[in-house]
Amino acid sequence: MRIVKYFLFSLLFLIFLFVAILIPSFNNFKAVYVSGMSAKLNLEESLNYLETNDFKQAKTSISQANTSFNLALENIEEVERRSVFKNISPLNNQLGEVKNLLESGEIASRSIERVLPIINSFKEPLSASKFVNLSKNDKEEILEIAFKSEPNLKAFSANLNLALLKLNRIEAKGVLFPISSEINSLKLNFNKGIKIVDKLPALSQIIPTLAGYPERSSYLIIMQNNDEIRPSGGFIGVFGLLHVESGEIESLSTYDSYHLDMPAYLSNDWQRKPPEVLEEYLRVEKWYLRDSNWSPNWPTSAQNILEIYNGEKEAIGEKSENFTGVIAINPNFVADLIELVGDIEARGDTYTKHNFQELLQYSVEMSYKEEDISSWDRKDIINEIVSKLKTRLFNLESEKMLEFLNIVEKHGENKNIQLFFTNHTINKLAIESGFGGEVKETNNDYLMVVDANLGAFKSDVVVKKNYEYSISLNEDKANSELHLNYKHNGGFDWRTTRYQSYTRVYVPIGSKLNDINSYGQVMIDTDSTTSYTDNDLNKTVFGFYFKLEPGSTGGIKIDYDLPQSIKTNPYKLFVQKQSGQRDIKFNLKLNSNQDIYQNSYLLSQDMEVVVE
């Protein structure tokens, strides 16, 4: 009983002591609460006003939010100055948590307040009319605002990252525990938002350049068919020419790649030698535009595309062009745009998101014969589809613009859109914003599998793929075993045939190949297997050519040792997705000091795996 009494007495003493400490600060805590809630409401009001384009009220509300956050911080700092809070560590830590939350809010509100004028400068002219209906001068004014906003957007990005840093310091285990779920949700949404905000400074330069500001721009557009996969995305059956100035498209036309390649084939002035693999397995003596995207590194392929395009033009007696850049587009991106703007009618057929790629292929490969269209003109339908798509995109309702931007963002991450600019500074920004399609540098483990469909028609649409990667980490070395599994679900018809691919596997430079073997019904050309160093991309490459008959299943096993320079504690693996590849199941197994880690992933974009 004495122990119980002593415990109760001690507990009451602590309660009285705690109350005695808090009473002098009660008014401060109350002020923090009131100001914090006021700031929250002002922020919500501001966002609501922004949605209705009421920038005057939005600015007033965000300014009030900033004032409330500062008032709350003043009261917290007054409590901090009291010696009891300085000397009692748990209390001091709790104040620090609350202060971080308030500081993150104050930084965010202040940053939004400063960027509102930039947003308003875009919204004001667009609220009265769609971009397509604006005069050339108005378009130029908007593009100029975007182009000159880079410093402010950089500051905005830096401030929001600082706010996120303070937010991430909050553990929400004490006084903030009751709102821990809200704080975690805030962190999650803030992280998503930061990814977009961080790209804004680069996009402020890229978008005007794409739109022909401050100088007239011209682009070579490469349409890649990923049903016939090639290293940077797909077979180049069609290319386009785009000329734009101050937001106005002067011309946009598409052409059959063979309309350039066939005259070049007949010209003695075009003699560029192709890569040995193309020469051997496609039986071509010259390197043509349709095969020019031979590198998985988009900047390399884009430069080759420009050189071959202009070289072929000059060889057939036509003038070359000084392009601003090259834009690669895969069918998935176009399909999502059709879903956004609505189905498109062309040559009596209705093109939807779900049938676009297959129906277009059938039109240019088969049905044109029944419609008495010449093989030379069979791809003219693409001009009709592009023209209608362009018109609808330029007439998009303002509420659909965010959806359009989300589509662009998604397909940039999935490499269905890849940009290359001849201006080095702008191209660097394209890479930073996620549209560069480059092979990444890393000091950790790395993997990229690159298939190249050589003469297998459009069989990639029916060939299912998955990868299994096992790595054993020992004290003296790290051994890797990669299984590439292929299943051919097609047959022999106008669209599909036996699968034939020259495949390259990119791994950390200095890796040592032990063995390459096929299994199942995959037939590998043993004479084609090779291991070499790609110094430009700073990678070791394993290459081989294989075939797989319709209805068959099999794969290739690659055994190799990683270089000792690879860091394994913690183990990090960066896996890059080849542009144009459909989603691939990726299985990872890590055996380290008798600990086994296993997991499955969906390789829909580049990803990093970290195993502690």
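Heads up: the structure comes first, above all this text.
The paragraphs below set out a description of the structure included in this document. (Residues numbered from 1 in each chain as written. Predicted model: local features only at pLDDT ≥ 70, side-chain atom pairs only at ≥ 80, totals over all residues. Heavy atoms only, no water.)

Before going further, it helps to spend a moment on the overall build of the chain. Broken down by element type, the chain carries 17 helices and 19 strands. A burial count over the chain gives 49% of its 612 residues as buried. Nonlocal contacts in the chain, meaning residues at least 24 apart in sequence, comprise 71% of its contacts between residues at least 6 apart. Surface accessibility of the chain: about 30,300 Å² in total, with carbon and sulfur atoms responsible for 52%. Of the side-chain charges in the chain, 65 are positive and 82 negative, and the distance between the mean point of each set is 6 Å. (Helix = DSSP H or I, 4+ residues; strand = E, 2+ residues; numbered from the N terminus. Buried < 20%, exposed > 50% of the residue type's maximum accessible area, 1.4 Å probe, protein only. Contact = heavy atoms within 4.5 Å. Areas by Shrake-Rupley, 256 points an atom, 1.4 Å probe, with all protein chains shown as cover. Lys, Arg positive; Asp, Glu negative; His and termini not counted. Charge placed at Lys NZ, Arg CZ, Asp CG, Glu CD.)

So, about a nonpolar patch on the surface. A contiguous nonpolar patch, built from Tyr33, Val34 and Met37 and spanning about 320 Å² of accessible area, is present on the exposed surface. As for its position among the elements, Val34 is in helix α2 (residues 26-51). (Patch = residues over 30% accessible without salt bridge, like charges linked within 9 Å, V, L, I, M, F, W, Y side chains within 5 Å. Salt bridge = Lys/Arg side-chain N within 4 Å of Asp/Glu carboxyl O.)

Take the sheet that holds strand β19 (residues 607-611) next. Read from one edge to the other, the open sheet built from six strands follows the order β13-β14-β11-β8-β16-β19, with strand pairing classed as mixed. The sheet is open, and its two borders are formed by β13 (523-534) and β19, each paired with just one other strand. Between one strand and the next, the sheet's axes are offset by a mean angle of 15°, whatever the strand orientation. Pairing between strand β11 (residues 499-508) and strand β14 (residues 539-548): 10 bridges, direction antiparallel. Paired with Thr503 across the two strands is Phe544, which belongs to β14. (Pairing = 2+ DSSP bridges. Axes fitted to C-alpha atoms, helices over the stretch in contact; angles between N-to-C directions.)

Okay, helix α17 (residues 424-432) next. Those residues of α17 not exposed but buried are Ile426, Asn427, Leu429 and Ala430. Viewed along the axis of α17, the buried residues span an arc of 155°, placing them on a single side of the element. α17 presents His424, Thr425 and Glu432 as exposed residues on the side facing more than 90 degrees away from its buried surface. Elements in contact with the buried residues of α17: α9 (200-210) and β7 (417-421). The backbone nitrogen of Thr425 lies 2.9 Å from a side-chain oxygen of the residue at the head of α17, namely Asn423. The first or second residue beyond α17 is Gly434, which carries a positive phi of 95°. (Arc of directions from axis to C-beta. Polar contact = N/O pair within 3.5 Å; in protein donor to acceptor, adjacent residues only side chain to side chain.)

Right, let's get into the sheet that holds strand β17 (residues 584-592). In space, the six strands of this open sheet follow the order β12-β15-β10-β9-β17-β18, with mixed pairing throughout. If you trace the sheet from one side to the other, it starts and ends with β12 (512-520) and β18 (595-603), each paired once. Direction aside, neighbouring strands of the sheet carry axes that sit 15° apart on average. When β17 meets β18, the two strands line up antiparallel, connected through nine bridges. By the bridge assignment, Ile584 is partnered in β18 with Leu603.

What follows covers unusual backbone geometry. Residue Tyr213 is joined to Pro214 through a cis peptide bond whose omega torsion reads 5°. Along the chain, Pro214 falls in the loop between α9 and β1 (217-225). One non-glycine residue, Ser246, lies in the positive phi region at around 50°. Inspection of the secondary structure puts Ser246 in the loop between β2 (235-245) and β3 (248-256). For Asn538, which is not glycine, the phi torsion reads 60° and is therefore positive. By the element assignment, Asn538 lies in the loop between β13 and β14.

How two helices pack is summed up by the angle between their axes together with the distance between the axes. Remark: helix α6 (residues 136-148) packs on α9, axes separated minimally by 7 Å, with the N-to-C direction vectors making an angle of 150°. In the crossing of α6 with α9, the sense of the turn from one axis to the other is left-handed. Residues Leu143, Ala146 and Phe147 of α6 pack against Ser204, Gln205 and Pro208 of α9. Its residues assigned to classes, the contact of α6 with α9 shows four nonpolar, two polar and no charged. (Left-handed = near helix turned anticlockwise from the far one by under 90°. Nonpolar A, V, L, I, M, F, W, Y, C, P; charged D, E, K, R; others polar.)

The description of an aromatic ring pair uses the distance of the two centres, along with the angle that the planes make with each other. Tallied over the entire structure, the rule returns 15 aromatic pairs. When the centroid spacing of 5.5 Å and the interplanar angle of 70° are considered together, the rings of Tyr362 and Trp494 count as edge-to-face. Of this pair, Tyr362 sits in helix α14 (residues 356-370) while Trp494 is found in the loop between β10 (478-488) and β11, placing the two residues 132 residues apart along the sequence. What makes Trp494 partly exposed here is its relative accessible area of 30%. (Phe/Tyr/Trp six-rings, centres within 6.5 Å; stacked < 30°, edge-to-face > 60°.)

Counting through the fold element by element, Pro231 comes out in the loop between β1 and β2. Look at Pro231 and you get buried, because its relative accessible area is 1%. Remark: the alpha-carbon pair of Pro231 and Gly520, spanning 289 residues in sequence, is separated by 25 Å. Discounting residues that sit within four places of it in the chain, Pro231 has contacts with Asn293, Trp294, Ser295, Pro296, Val450, Asp451, Ala452, Arg504 and Gln578.

Now for the pairing of strand β15 (residues 553-562). In terms of burial, β15 is largely enclosed, as eight of its 10 residues are buried. In the sheet, β10 pairs with β15 via 10 bridges, with the strands oriented antiparallel. Bridging across to β15, His483 finds its partner in Lys557. When β12 meets β15, the two strands line up antiparallel, connected through eight bridges. Residue pairing for β15: Lys512 is matched across the bridge by Asp561.

The subject of this paragraph is helix α16 (residues 401-413). If you check α16, its first and last C-alpha atoms are 19 Å apart, about what 13 residues at 1.5 Å a residue would give, namely 18 Å. Buried within α16 we find Ile407, Val408, His411 and Gly412. Here the buried residues of α16 occupy an arc of 130° about the axis, which is enough to place them on one side. Contacts from the buried residues of α16 go to α13 (331-341) and β7. (Expected span 1.5 Å × (residues − 1).)

Of note, His354 is situated in the loop between β6 (349-351) and α14. What makes His354 exposed here is its relative accessible area of 74%. Taking the C-alpha atoms as reference points, His354 and Glu339, separated by 15 residues in sequence, lie 8.8 Å from one another.

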